[in-house]
Amino acid sequence: MNVILGVTGCIGAYKAAIVLRLLQKNEIAVYPVMTHSATKFLGPLTLEKLSGNPVVSDLFGSESSEIQHIALARRSGLLLVAPATANILAKFASGIADDFLSTIYLSTTTPVMVAPAMNVEMWHHPATRENLEKLRRRGVFVVEPGVGYQACGEEGEGRLAEPDEIVRQVLRVLSRSGSLGGKRVLVTAGPTVEDIDPVRYVSNRSSGKMGYALAAEAVRRGANVCLISGPVRLAPPAGAELVLVRSAAEMARAVFERFGDTDIVVQAAAVADYRPVDRMEQKRKKSGERWSLELEATQDILKELGTRKSRQFLVGFAAESERLVENAREKLRDKSLDLIVANDISIPGSGIEADENQVTLIDRDGELVDVPRLPKIEVARKIWDNIEHHLFS
Ligand code: CTP
């Protein structure tokens, strides 16, 4: 296994040598790339001698090693940048490729992990926050920095994470030859929001927690995950591509666009069944009179997928307040699903917006598996175990 180790210029650069050593101890070959400013903090010779590989730092170097590095970037298991300065995060976020490391970032399709290190003010600056948010949304893994004394004399967040923590996270990502390795998974989550006017909308109660837990667990099992989410207040799960949508129509578009390349779809979103017939451009003034709102049906995304599916494994949810199994079975048939997760929404403290869930899994043969009330991440594991059972045994 190969890792490209990008090193950028800050006082924590010396720790890159420790990270390199720890990676080697885990039988990972390291190919170092340094930015020009990194070479002011740490001699390239150190990384060259430790890794046994040439260190590339110049975009216009004289040797052919740059070409080799690009070829390598395509074959390597991970591009790790440790330490990653605010500057390199900004370049990655906006696609600037003016040095060798940022060029590799743009030319690689392998997973990317960054371990930020910077002064506490830079860490909290909205520019850095936005850049990290963008990178996370693209599926970049972020090794959170630690809190402590900084070289500038201040105390606070922004210190490079400890090398063993960085390496632990690298190993986790590299072991993505997990049970879902090579599978493309699409998960939808959260509600959709159907606007009435600029301040009012029709929506469903949904926190997105179940869908986010399903996406996180699929990443952990090695899948290539795309999470399409309606508006929620949750942090994006590391390692998944996050696509944010608002309305059912937007969600439908995002799902259909990706469906052809997908192996498994888990439609956990609470898609609005109805939307206002007219969306008002201006805020409707109150008049004290009654107001009837005319609604029209949205497209049933899952049902449409059921008609389009070829090899895809389709998983739906059924939120029911009565006749749980019968209604869920009907939905499974009606939408041509492979598995349905039936959710009894009448149980207090379970299901919608709660941290726990209690579900029944029903497959095409009518087989039932009851999952007792558990935290949503545990329920996500049971659901994935069940999907894997159907796919692989
Ligand atoms: N679903 C969908 N598109 C819609 C409505 C629902 O893809 N417009 C999906 C949901 O994400 C879920 C499944 O269909 O995976 C079942 O959703 P649910 O709300 O339980 O049932 P509905 O089909 O909407 O039927 P009803 O509201 O009558 O129970």
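Residues numbered from 1 in each chain as written. Predicted model: local features only at pLDDT ≥ 70, side-chain atom pairs only at ≥ 80, totals over all residues. Heavy atoms only, no water.

Peer 1: Would you explain the site of the ligand in this entry?
Peer 2: Around the ligand sit 16 residues in total, of which Gln267, Ala269, Phe317, Lys331 and Lys335 are the nearest. The separation between an oxygen atom of the ligand and a polar main-chain atom of Ala269 is 2.7 Å. Across the complex, the protein chains shield 76% of the 570 Å² of accessible surface that the ligand would expose by itself. Taking a 2 Å distance to the grid points as the criterion, the majority of the atoms of the ligand fall inside the second largest pocket. Broken down by secondary-structure element, the contributors of at least two residues to the shell around the ligand are α12 (301-308) and β16 (313-320). It is β16 that provides the largest number of residues to the shell around the ligand, a total of 4 residues. Residue composition of the shell around the ligand, by class: 8 nonpolar, 4 polar and 4 charged. (Near = heavy atom within 4 Å. Polar contact = N/O pair within 3.5 Å; in protein donor to acceptor, adjacent residues only side chain to side chain. Areas by Shrake-Rupley, 256 points an atom, 1.4 Å probe, with all protein chains shown as cover. 1 Å grid on protein atoms, 1.4 Å probe; cavity = no way out; pocket = protein on both sides within 12 Å on 5 of 7 lines; lining within 4 Å. Sits in = over half its atoms within 2 Å of the grid points. Helix = DSSP H or I, 4+ residues; strand = E, 2+ residues; numbered from the N terminus. Nonpolar A, V, L, I, M, F, W, Y, C, P; charged D, E, K, R; others polar.)

Peer 1: Explanation requested: the environment of Val325 in the structure shown.
Peer 2: Within the secondary structure layout, Val325 lies in helix α13 (residues 324-334). As a C-alpha pair, Val325 and Ile362 span 37 residues in sequence and 8.0 Å in three-dimensional space. Those residues in contact with Val325 that lie beyond four places of it in its chain are Ile362 and Leu368. (Contact = heavy atoms within 4.5 Å.)

Peer 1: When you look at the sheet that holds strand β17 (residues 339-344) in this model, what are you seeing that I'm missing?
Peer 2: To summarise the sheet geometry, strands pair through backbone hydrogen bonds and adopt either a parallel or an antiparallel arrangement. The mixed open sheet is built from 8 strands, whose spatial order is β12-β11-β8-β13-β16-β17-β18-β19. Each having just a single partner strand, β12 (241-244) and β19 (368-375) make up the two edges of the open sheet. Direction aside, the axes of adjacent strands within the sheet are offset by 20° on average. Taken together, the 4 bridges between strand β8 (residues 184-189) and strand β13 (residues 264-267) define a ladder with parallel strand orientation. Bridge pairing in β13 places Val187 opposite Val266. Helix α11 (residues 248-259) contacts β8, β11 (224-229), β12, β13 and β16 of the sheet and is inclined by roughly 160° relative to β11. (Pairing = 2+ DSSP bridges. Axes fitted to C-alpha atoms, helices over the stretch in contact; angles between N-to-C directions.)

Peer 1: So what exactly am I meant to see when it comes to the packing of aromatic side chains here?
Peer 2: The description of an aromatic ring pair rests on the distance of the ring centres and on the angle between the ring planes. Throughout the structure, instances matching the rule amount to 1 aromatic pair. Consider the rings of Phe92 and Tyr105, whose centres lie 4.2 Å apart with planes at 10°: the pair is stacked. Here Tyr105 lies in helix α6 (residues 100-107) and Phe92 lies in helix α5 (residues 86-94), a separation of 13 residues in the sequence. Tyr105 shares its class with Phe92; the two are buried. Its guanidinium or amino end placed over the ring of Trp123, Arg129 lies 4.4 Å from that ring's centre, counting from NZ or CZ. One Lys or Arg, Arg308, reaches over the ring of Phe256 and ends 4.1 Å from the middle of that ring. (Phe/Tyr/Trp six-rings, centres within 6.5 Å; stacked < 30°, edge-to-face > 60°. Buried < 20%, exposed > 50% of the residue type's maximum accessible area, 1.4 Å probe, protein only. Lys NZ or Arg CZ within 6 Å of the ring centre and 35° of its normal.)

Peer 1: When you look at the pairing of strand β7 (residues 155-159) in this model, what are you seeing that I'm missing?
Peer 2: Bridge analysis of strand β6 (residues 146-149) against β7 gives 4 bridges, and the strand direction is antiparallel. Of the residues in β7, the one forming a bridge with Gly146 is Arg159. Following β6, the chain reverses through 5 residues before pairing antiparallel with β7; Gly153 in that reversal takes a positive phi of roughly 100°.

Peer 1: What is the right way to look at the layout of surface pockets in this model?
Peer 2: It is the rolling of a water-molecule-sized probe over the atoms that shows where space remains empty. Its boundaries defined by the atoms lining it, the second largest pocket holds a volume of some 750 Å³. Ala269, Ala270, Val271, Phe317 and Ala319 are the residues nearest the centre of the second largest pocket, which is lined by 33 residues in total. Put simply, the parts of the chain that give the lining of the second largest pocket at least two residues each are α10 (209-220), α12 and β16. When the residues that make up the lining of the second largest pocket are grouped by side-chain class, the tally is 13 nonpolar, 12 polar and 8 charged. (Points joined across faces, edges and corners; volume = space filled by probe spheres on them.)

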